[in-house]
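These are the residues of each chain, in order.
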Amino acid sequence: MPDFLNVSTSLTGRRWVGPAAEADRLAQAMAQGCDLPLPLCHALVGRGVAAGEMASFLAPTLRDLLPDPLSLRDMEVAAERVMRAVERRERIAIFADYDVDGGSSAALLLVWLRQMGLRATLYIPDRIEEGYGPNTPAMERLARDHDLILCVDCGTLSHEPIAAAKGADVVVLDHHLGGETLPNAVAVVNPNRQDESGDLAHLCAAAVVFLLLVEMNRRLREAGKRGPDLMSMLDLVALATVADVAPLIGVNRALVRTGLQVMAKRQRAGVVALADVAGLDVPPTAYHLGYLLGPRVNAGGRIGKSDLGARLLATDDPHEAAALAEKLDHLNRERREIEARVRDAAMEQAEARGTEGPLAWAAGAGWHPGVVGIAAARMKEATNRPAVVIGVEDGIGKGSARSVPGIDLGAAIHRVAAEGLLLRGGGHKMAAGLTVEEGKIEAAMTRLSELLEKQGAGAGGPRDLRLDSVLMPGAATVDLIERIETAGPFGAAAPAPRFAFPDVMLHDVREVGQGHLKISFGDGFGARIDGIAFGAMDGPMGSALARHGGARFHLAGKLDLNIWKGRRSVQLRLDDAAPAG
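Residues numbered from 1 in each chain as written. Predicted model: local features only at pLDDT ≥ 70, side-chain atom pairs only at ≥ 80, totals over all residues. Heavy atoms only, no water.

A. Helix H15 (residues 318-353), seen in detail. With 36 residues, H15 should reach 52 Å at 1.5 Å per residue; the first-to-last C-alpha distance of 50 Å fits that figure. Looking one or two places after H15, you find Gly354, whose phi comes out positive at around 110 degrees. (Helix = DSSP H or I, 4+ residues; strand = E, 2+ residues; numbered from the N terminus. Expected span 1.5 Å × (residues − 1).)

Next up, the structure:
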């Protein structure tokens, strides 16, 4: 495929790739036949939406897309056991993972049970002291004081800890890749069990929990009782789905879209407090969940007290919510500083090793285990490769991995663990974790690289930037953005359309905040657009645009709706640029 706009090497070193001729033809036909803006049609075609599917795709509903909860194995047994616990007023504990998905899953259960008149015990392990998932001492303690333990966003591979929960029943509600055998729990509800069809493999744990609650409410209705309002809880499902980088396909699109509408009503104390400390004063989008709210919820589990996020999301006390949100915001600022040091060191090491292969990775002594996941995500974005970052302490490495679309990283890491090169490892397609002896890191990464290469990792251009179409500044209007947003929500497996603005003039370029670049550009015919490039001053694009000297450029990025003091305007989130000459 030829270079788009003849850009073979942009200011960030990437080759621009535009739509194929056939995709362009289909978009033109859709625009003419369906009376839709051409840029929107380019986005739809790029996502594989045919003209006949267009109407339902633009208006996804839970009525049409929500699966029958009982289609998941063990769901009926799980619902029966939880319902019995509710009816008998049993003592219930919730053991959750320390990330957004785990916290949201726990909050869903805590809120639902509270509205049913039960107060459950929340237990979230310390990331450093206990690590991921159920551990034997914690499960033994919980079993002594509880009749039922619900493990959410964890537990599928926890055979020994679950077996240690003597005297209590355990129900697992998870989505991480399962092994050949399941733990001895009353029920293991997981769309990624090996004996599942895989049709719902894209669900996060909070969505699995939501399906359990749907089934619970159905049973209550059959008994002539009214259950809690589940629609009001979809803001938690949306937050978890986006923050856990679950693909925004199928029912996930409806869950997130509806959840964003719920969140915009500002009815959950914890989410309101979180939005306020994050400075979010506009209706939330998936972008806000992933980059403003999610990192703050995660901050407690990364470098602070692991249960802060879940407590924030579950509380109905505005004063408690405000205090927790302030604490998480402070921890998030601290997390950024720690992350920056680890990220820079990891990237330097990975680049020295070479990033042209199927895997980019780095390992370092003393790297905080709470930020290696974020560092891996940044490395993945910079190299367009699956990435692993490992922090080593006392001879043991604890790492996080992030993948690119089309590469099942969780399965590969599970295979390396099964072969004995890792002490433990697992996850899902886009994200995974691992624990490894320091002396086996090199061998484990070599083997992981081999497995990823067989899946096709590294086969494409490492720096290709895919663009949906060309757009002129005068055509980038508020109305167009609103029309494009109907194709959302955008996120994992459904990226927001990226447009190229060819041969534009820069009118205003200045640094703002901490290394961000603010620009204003136009085509010379009166239309002007503002743009923002986050972190650009740390790379070659920022310095090149800041010293443009009147030169013209091609710009590439995603359109945002900027709202300031009630005024709405178009803003370009700038991803890349290239000289137009």
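B. Representation of the pairing of strand E2 (residues 92-96) in the model. For E2, the buried fraction is high: 5 of the 5 residues fall into the buried class. Residues Ile92, Ile94 and Ala96 line one face of E2 and the alternating positions Ala93 and Phe95 line the opposite face, and both faces are buried. In terms of strand pairing, E2 meets strand E4 (residues 148-152) through 5 bridges, oriented parallel. The residue of E4 that forms the bridge with Ala93 is Ile149. The pairing of E2 with strand E3 (residues 121-123) spans 3 bridges and is parallel. Opposite Ala93, over in E3, you have Thr121 as the bridge partner. Taken together, E2, helix H6 (residues 100-115) and E3 form a β-α-β motif whose crossover is right-handed. (Buried < 20%, exposed > 50% of the residue type's maximum accessible area, 1.4 Å probe, protein only. Pairing = 2+ DSSP bridges. Right-handed = clockwise from strand over helix to strand, strands pointing away.)

C. Spotlight on the sheet that holds strand E5 (residues 169-173). The sheet built from 5 strands is open, its strands ordered E3-E2-E4-E5-E6 with parallel pairing. Looking at the sheet topology across the chains shown, the edges are occupied by E3 and strand E6 (187-189). Here the strands of the sheet are splayed against their neighbours by 20 degrees on average, with no regard to which way each runs. Where H6 meets the sheet, its contacts fall on E2, E3, E4 and E5, and the angle it forms with E2 comes to roughly 165 degrees. (Axes fitted to C-alpha atoms, helices over the stretch in contact; angles between N-to-C directions. Contact = heavy atoms within 4.5 Å.)

D. The arrangement of the packing of aromatic side chains in detail. One pass over the structure, following the stated rule, counts 3 aromatic pairs. For the pair Phe501 and Phe521, a centre-to-centre distance of 5.5 Å together with 70 degrees between the ring planes defines the contact as edge-to-face. Placement of Phe501 in strand E14 (residues 499-512) and of Phe521 in strand E15 (residues 516-522) is noted, with a sequence separation of 20 residues between them. What makes Phe501 buried here is its relative accessible area of 0%. Sitting above the plane of the Tyr287 ring, Arg573 keeps its charged end 4.2 Å from the centroid. (Phe/Tyr/Trp six-rings, centres within 6.5 Å; stacked < 30°, edge-to-face > 60°. Lys NZ or Arg CZ within 6 Å of the ring centre and 35° of its normal.)

E. Seen up close, the side chain of Asp101. Mapped onto the secondary structure, Asp101 falls in helix H6. We note that Asp101 is buried and unpaired, the nearest opposite charge coming from Arg402 at a distance of 12 Å. In terms of polar contacts, Asp101 uses its side chain to reach the backbone amide nitrogen of Ala205, at 2.9 Å. (Lys, Arg positive; Asp, Glu negative; His and termini not counted. Salt bridge = Lys/Arg side-chain N within 4 Å of Asp/Glu carboxyl O. Polar contact = N/O pair within 3.5 Å; in protein donor to acceptor, adjacent residues only side chain to side chain.)

F. Looking closely at the pattern of salt bridges. Applying the stated rule across the entire model yields 33 salt bridges. Between Arg219 and Glu215 there is a salt bridge; the shortest N-O distance is 2.9 Å. Of this pair, Arg219 and Glu215 both sit in helix H9 (residues 205-222), 4 residues apart, roughly one helical turn. With a relative accessible area of 19%, Arg219 lands in the buried category. A salt bridge links Asp508 to Arg510; its shortest N-O distance comes to 2.4 Å.

G. Just empty space enclosed by the protein, in detail. Applying the stated criterion across every chain yields a total of 2 cavities of 30 Å³ or more. The volume enclosed by the largest cavity comes to roughly 50 Å³. Asp97, Tyr98, Asp99, Val100, Gly103, Ile124, Val297, Gly301, Ser306, Gly309 and Ala310 together form the lining of the largest cavity. Elements supplying a minimum of two residues to the lining of the largest cavity: H6, helix H13 (286-303) and helix H14 (308-314). Across the lining of the largest cavity, the residue classes tally to 5 nonpolar, 4 polar and 2 charged. The calculated volume of the second largest cavity comes to roughly 30 Å³. (1 Å grid on protein atoms, 1.4 Å probe; cavity = no way out; pocket = protein on both sides within 12 Å on 5 of 7 lines; lining within 4 Å. Points joined across faces, edges and corners; volume = space filled by probe spheres on them. Nonpolar A, V, L, I, M, F, W, Y, C, P; charged D, E, K, R; others polar.)

H. Just the nonpolar core, in detail. Leu109, Trp112, Leu173, Leu212, Leu293 and Met379 are the most contacted members of the largest nonpolar core, which has 104 residues in total. The biggest single contributor to this core is H9, with 11 residues. Formed by 42 residues, the second largest nonpolar core is a distinct cluster that contains Cys41, Leu506, Met541 and Leu574. (Core = buried A, V, L, I, M, F, W, Y, C linked by side-chain atoms within 4.5 Å.)

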